[in-house]
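For reference, the chains in residue letters:
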Amino acid sequence: MAIKTCDCENNGLGNLGAPSCQLIAGVTGSMFLVPTYKADGTPNYIDLTTDVLDQAYLEDKLYNADPSLRWQWIPTLDSVTNERAESLVQELDSGKKIKIREGIKSFSGDIYGMSYTFLGKLKLAGCSEVSAYPVDLAGNMIGRRSDDGTKFYPIRIDKASFDPIYVEPTDTTAARINLAFDWDQSERDECFKLITSSQITADLLTIRSVIDANLVEDSSVVPSSTGIAVDVSMDYGDAYDNKKITGLVAADFVVVSGGTPNTPDTVTETSPGVYAFDFTGDPLASGTATVTLADGKPFEENAALEITIP
């Protein structure tokens, strides 16, 4: 929506008629963090003319192979404040006040049940230009609609203000991560609109962001042209062991040797997070086999694994 500014040539006050029922955003209970810009420099947005916010659509956003298109989901925020400070005014000697600009609008919310590791992941969101689609407790999504009514932009965040911190537990309070930031000064409350919960058919209780994965060669198996084994874990875990990623299947992996993808006959999880590959039908070329995780999945490798094939 275009911002209407004061016009001293127009003697009208602006019409204040309103319908009896209006869409009012509630308290923010969750949030999508979205890169403000795509890799080509154009802004990310929801296309209001074609996009359908169903499960497939949101999973495509969350698992997109292109990081500049990938959304991040914070499922639960508590103790939220989202308030605009008082406007900056100049007070003259006569006592008259002149409004200089609107006050900064600041967000603060607590995330419970997350570890030091999650804090590190969240901090990375502030390394680039970031925006957000807040979602209120009723499931309505908040954003900024374009003047022509075809695009729904996430609300821009002031990158320099993005400040997640870990708050240690006490005798009476649980550990939490406090996420605080200021909204960009160019964002105006009067320009926001809602996509209602009835227009979002995805189950927000079941979606999740991509989890970073570590791929390590399983030293108990000697690699050959017909077989390799890979240990897959998260960054999460204790000081001794990372938490294993279980339940993966052949379609979750990509193995390339000699410049060509190889298709395993079977991929067997021999122990939690350890996967044995059988390439009898499509042997690996001698040299180096590169193992990655398939795009569009809930997991993404921190780095490709290279295994020497004799």
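Residues numbered from 1 in each chain as written. Predicted model: local features only at pLDDT ≥ 70, side-chain atom pairs only at ≥ 80, totals over all residues. Heavy atoms only, no water.

Engineer: Account for helix α1 (residues 55–62), naming residues and giving values.
Structural biologist: Every α-helix carries 3.6 residues per turn, so stepping three or four residues along brings you back to the same face. Burial in α1 covers these residues: Tyr57, Leu58, Lys61 and Leu62. Considered in projection along α1, the buried side chains sweep an arc of 130° and stay on one side of the axis. Residues of α1 that are buried in the fold lie against β1 (28–35), β2 (46–47) and β3 (72–74). (Buried < 20%, exposed > 50% of the residue type's maximum accessible area, 1.4 Å probe, protein only. Helix = DSSP H or I, 4+ residues; strand = E, 2+ residues; numbered from the N terminus. Arc of directions from axis to C-beta. Contact = heavy atoms within 4.5 Å.)

Engineer: Account for the pattern of salt bridges, naming residues and giving values.
Structural biologist: Here the structure, examined in full by the defined rule, presents 12 salt bridges. Arg70 is the partner of Glu300 in a salt bridge, and the nearest nitrogen-oxygen pair spans 3.0 Å. You can see Glu300 sitting in strand β23 (residues 299–301) and its partner Arg70 sitting in the loop between α1 and β3, a full 230 residues away along the chain. Between Arg84 and Glu102 there is a salt bridge, with the nearest N and O atoms lying 3.8 Å from each other. Here Arg84, found in strand β4 (residues 78–84), pairs with Glu102, found in the loop between β6 (97–101) and β7 (105–112); they are 18 residues apart in sequence, far enough to count as distant. Assessed through its relative accessible area of 27%, Arg84 is described here as partly exposed. Put simply, Arg84, Glu102, Lys105, Arg188 and Asp189 are held in one network by salt bridges that share partners. (Salt bridge = Lys/Arg side-chain N within 4 Å of Asp/Glu carboxyl O.)

Engineer: Summarise the packing of aromatic side chains; cite the residues concerned and give the values.
Structural biologist: The way to describe two aromatic rings as a pair is by their centre distance and the angle between their planes. Across all of its chains, the model carries 14 aromatic pairs by this definition. Ring geometry for Tyr45 against Tyr153: centres 5.7 Å apart, planes inclined by 65°, an arrangement best described as edge-to-face. Taken together, the residues Tyr45 in the loop between β1 and β2 and Tyr153 in strand β10 (residues 151–153) connect sequence positions 108 residues apart. Under the relative-accessibility criterion, Tyr45 is labelled partly exposed at 26%. With relative accessibility at 17%, the residue Tyr153 sits in the buried group. Seen from their ring centres, Phe181 and Trp183 are 4.9 Å apart, and the 90° between their planes marks the pair as edge-to-face. A relative accessible area of 6% means that Trp183 is categorised as buried. (Phe/Tyr/Trp six-rings, centres within 6.5 Å; stacked < 30°, edge-to-face > 60°.)

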